[in-house]
Amino acid sequence: MMHRLQVRLFAAFLLVIIVVVITILLLVLPAAEQEIDTYAQRTGRLQLARMHHWLLGYHSARGSWSGVQPFIEEMGVLYGQWVVLAAEDGTVVADSRNMLFGQPFDEEWTEVVLTGRDDERILGVLYVSAESGIDEAFARDLRDSLGYFLFWGALTALGAALVLTLVLSRAISAPVRQLAESAIRAGKGDLTVRVPGSFRGEIGELARSFNSMIADLARAAELRRNLVADTAHELRTPLSNIRGYLEAMRDEVLEPYDAIASVEEDVGMLARLVDDLQELALAESGALGLHLEPENLVTVIRRCVASLHARASARGVSLHLELEDGLPPLMIDFQRITQVVHNLLVNALSHTERGDRIVVVAEHLEGVVRMRVSDTGEGIPEGERENVFERFYRVDRSRTRATGGTGLGLTISKQLVEAHGGRIRVEGNIPRGSSFIVELPLESSGGYAPNTDSMIS
Ligand code: ADP
């Protein structure tokens, strides 16, 4: 059975051919016929004029029609018409077919009266038969051959349309069919499927969009798979710890009182993990629902620093602030940006030792407010810096328990900053330590007075 596209294409071609043939029949053919008739009439008139002229010449040279018969016969042959010459009294004096000689002529033929040049004396009458001569026959032939060519032309065009339909429809429908089959395979879960990107035009664009859509789907599917695997892996450690403590208590190897703190720690870890995962899921799906309000980043920084002040002091780490005066307010979600700043400060504290320094700088640059949280702590090896924003990535896995981190803090921070249209990155410090840089866009760049204030804790 013919493919639907083929049928449609053929129908389109057929329609075009029918329209062309009808146009030729209705417009071109009558016009051509009229032209042929006009041409035939003009040629007929010209022939009569020539005969008239010649006969007048003959008469003036001879003074009579005697001996004109052979010339009239010749004219009949030459112009393909029956030519008769009658004298002034109406008697036939010459006949190209030699049949009416001497008879009075009274047929309804085309006639030309031959008059003398100087006087108005009638010398004779030239009759040409109404039946068709060479030119009318030619005109009829021309009309016939036009009809003939039109018929065969339409038939040839029909054949060409059939061949074209087959060739073109195959060329057009092959990529479409390939796309449809690939879409069905992708729908069934095969995300390795791709269509050749070599198709041209709109189909090519469609193929490339399809490929990039499938690539996105494959990436999303892989992320989902990884997330499930990573999450299972992260849950396993605290859960097996809790199980170990429970078994130890059941076997009376460990007193419940001694186990409580450790179990609490692992349960706390599990709770944080669940909270962070939920937060990340919201951020990644773009469903955070930011409450944007004009806020100054300095307020956020000061509040976070104040909440960690005691902890830093206890650990012997100094906290410095270098905050530009008159920083323009930003359109931010206060809670979320507080979460980012808090996370960066907690990380800095977790990876610094007694005597280290943490500096928080906030400044206004072109179109952005930039915050930099620098520490003189252990730092992050250069090759691992970009990875710290990956889900569950930790530079030193063995320190997880010590820092109590879920490995999701920076991933969430990155999502939150990007949700505000900003960027976050990490740099290494010389001689040691690392700097996390957050840039948040200004909604409107108002004037400000650069000035640096410093607070040491
Ligand atoms: P965590 O909950 O483990 O802190 P994060 O996503 O916040 O997770 O950080 C990921 C990893 O990046 C950390 O485990 C740590 O190895 C590294 N990291 C983050 N901040 C710092 C820092 N200031 N100095 C050194 N390493 C850091």
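Computed from a predicted structure; not experimentally measured.

Any two side chains of opposite charge can pair, given that their charged atoms come close. Under the counting rule described, the total for this entry stands at 14 salt bridges. The shortest N-O distance in the salt bridge between Glu363 and Arg370 comes to 3.9 Å. Taking the shortest distance from any N to any O, the salt bridge between Arg372 and Glu427 comes out at 3.6 Å. Note that Arg372 is positioned in strand β9 (residues 368–375) and Glu427 in strand β10 (residues 423–428), a separation of 55 residues in sequence. Exposure remark for Arg372: the relative accessible area of 23% places this residue in the partly exposed category.

Glancing now at the sheet that holds strand β4 (residues 122–128). The strand order across the open sheet formed by four strands is β2-β1-β4-β3, and the pairing between neighbours is antiparallel. The strands lining the two open edges of the sheet, one partner per strand, are β2 (92–95) and β3 (110–115). Between one strand axis and the next, the sheet turns through 20° on average, direction left out of account. Sheet strands touched by helix α2 (residues 69–79): β1 (83–87) and β2. Its angle to β2, the strand with the most contacts, is close to 45°.

We now examine the site of the ligand. Taken together, 19 residues form the shell around the ligand, and within it Asn347, Asp375, Val395, Gly405 and Leu410 come nearest. Contacts to the ligand include Gly407, whose backbone N or O atom sits 3.0 Å from an oxygen atom. Contact between the ligand and Ser434: a nitrogen atom at 3.4 Å from a side-chain N or O atom of the residue. For the ligand, the protein covers 96% of the area, taking 530 Å² as the surface of the free molecule. Contributing elements (two or more residues each) for the shell around the ligand: α7 (334–350), α9 (409–419) and β11 (434–441). No other element matches α7, which puts three residues into the shell around the ligand.

Quick look at the pairing of β1 now. Among the five residues that make up β1, five are buried, leaving the element largely enclosed by the rest of the structure. Here β1 runs beside β4; their pairing, made up of five bridges, is antiparallel. Bridge assignment links Leu85 to a residue of β4, and that residue is Leu126. Bridge count between β1 and β2: three bridges; the pairing is antiparallel. Its bridge partner lying in β2, Val84 is registered against Asp95. Hairpin connection between β1 and β2: a loop of four residues separates the two successive antiparallel strands, and Gly90 in this loop has a positive phi of roughly 95°.

The next subject is the packing of helix α5 (residues 256–284) against α9. α9 packs onto α5 with a crossing angle of 30° between their chain directions and a minimal axis gap of 10 Å. The orientation of α5 relative to α9 falls into the category roughly parallel. Here α5 runs over α9; the crossing is left-handed. For the pair α5 and α9, contact is made by Asp276, Glu279, Leu280, Ala283 and Glu284 and by Thr411, Ile412, Gln415 and Leu416, respectively. Its residues assigned to classes, the contact of α5 with α9 shows four nonpolar, two polar and three charged.

The description of two helices packed together rests on the angle between their axes and the distance between the axes. At a closest axis distance of 9 Å, the pairing of helix α4 (residues 201–250) and α5 adopts a crossing angle of 165°. One way to sum up the angle between α4 and α5 is to call them roughly antiparallel. As α4 runs across α5, the sense of the crossing is left-handed. Residues Leu227, Thr231, Glu234, Leu235, Pro238, Leu239, Asn241, Ile242, Tyr245 and Met249 of α4 form the contact with α5, whose own contacting residues are Pro256, Ala259, Ser262, Val263, Asp266, Val267, Met269, Leu270, Leu273 and Leu277. Along the lines of polarity and charge, the residues of the contact of α4 with α5 split into 15 nonpolar, three polar and two charged.

It is worth spelling out the packing of aromatic side chains at this point. Geometry of an aromatic ring pair is reported as the spacing of the ring centres plus the angle between the planes. Here the structure, examined in full by the defined rule, presents 10 aromatic pairs. Measuring from ring centre to ring centre gives 4.2 Å for Phe105 and Tyr127, while their planes differ by 35°; the resulting arrangement is tilted. With Phe105 in the loop between β2 and β3 and Tyr127 in strand β4, this residue pair connects regions lying 22 residues apart in the sequence. Just as Phe105 is buried, Tyr127 falls in that class too.

A few words now on α7. Three- or four-residue spacings in an α-helix give side chains the same orientation, since the helix completes a turn every 3.6 residues. Here α7 is 17 residues long and its end C-alpha atoms lie 24 Å apart, about the 24 Å a rise of 1.5 Å per residue gives. The element α7 is largely enclosed, with a buried count of 13 among its 17 residues. For α7, the N-terminal cap is Asp333; the gap from its side-chain oxygen to the backbone nitrogen of Gln335 is 3.2 Å.

Attention now moves to the environment of Val7. Looking at the element boundaries, Val7 is found in helix α1 (residues 4–62). Put simply, Val7 and Leu440 are 433 residues apart on the chain and 59 Å apart in space, counted from C-alpha to C-alpha.

Take the environment of Ser182 next. The topology assignment puts Ser182 in helix α3 (residues 134–187). Placed 152 residues apart in sequence, Ser182 and Phe334 show a C-alpha to C-alpha distance of 47 Å.

By convention, interface size is frequently given as the accessible area that disappears when the constituent parts associate. According to the domain assignment, the protein contains domain 1 (2–135), domain 2 (201–284) and domain 3 (289–441). Taking only C-alpha atoms into account, the centre of domain 2 sits 24 Å from that of domain 3. Taken residue by residue, the interface counts 20 residues in domain 2 and 16 residues in domain 3. Interface area lost by domain 2 to domain 3 is led by Glu234, Glu279 and Leu280, which between them contribute 32%. At the surface where domain 2 touches domain 3, the tally comes to three salt bridges. Its salt-bridge partner being Glu234, residue Arg394 comes within 2.9 Å of it at the nearest N-O pair. The tally of links between domain 2 and domain 3 comes to five residue pairs in polar contact (both at pLDDT 80 or more). If you list the elements that add at least two residues to the side of domain 2 that touches domain 3, you get α4 and α5. The biggest single contributor to the side of domain 2 that touches domain 3 is α5, with 12 residues.

Rules used throughout
Residues numbered from 1 in each chain as written. Predicted model: local features only at pLDDT ≥ 70, side-chain atom pairs only at ≥ 80, totals over all residues. Heavy atoms only, no water. Salt bridge = Lys/Arg side-chain N within 4 Å of Asp/Glu carboxyl O. Helix = DSSP H or I, 4+ residues; strand = E, 2+ residues; numbered from the N terminus. Buried < 20%, exposed > 50% of the residue type's maximum accessible area, 1.4 Å probe, protein only. Pairing = 2+ DSSP bridges. Axes fitted to C-alpha atoms, helices over the stretch in contact; angles between N-to-C directions. Contact = heavy atoms within 4.5 Å. Near = heavy atom within 4 Å. Polar contact = N/O pair within 3.5 Å; in protein donor to acceptor, adjacent residues only side chain to side chain. Areas by Shrake-Rupley, 256 points an atom, 1.4 Å probe, with all protein chains shown as cover. Parallel < 35°, antiparallel > 145°, perpendicular 65-115°, else oblique. Left-handed = near helix turned anticlockwise from the far one by under 90°. Nonpolar A, V, L, I, M, F, W, Y, C, P; charged D, E, K, R; others polar. Phe/Tyr/Trp six-rings, centres within 6.5 Å; stacked < 30°, edge-to-face > 60°. Expected span 1.5 Å × (residues − 1). Domains from an automatic or database assignment. Buried area = accessible area lost by both parts, 1.4 Å probe.

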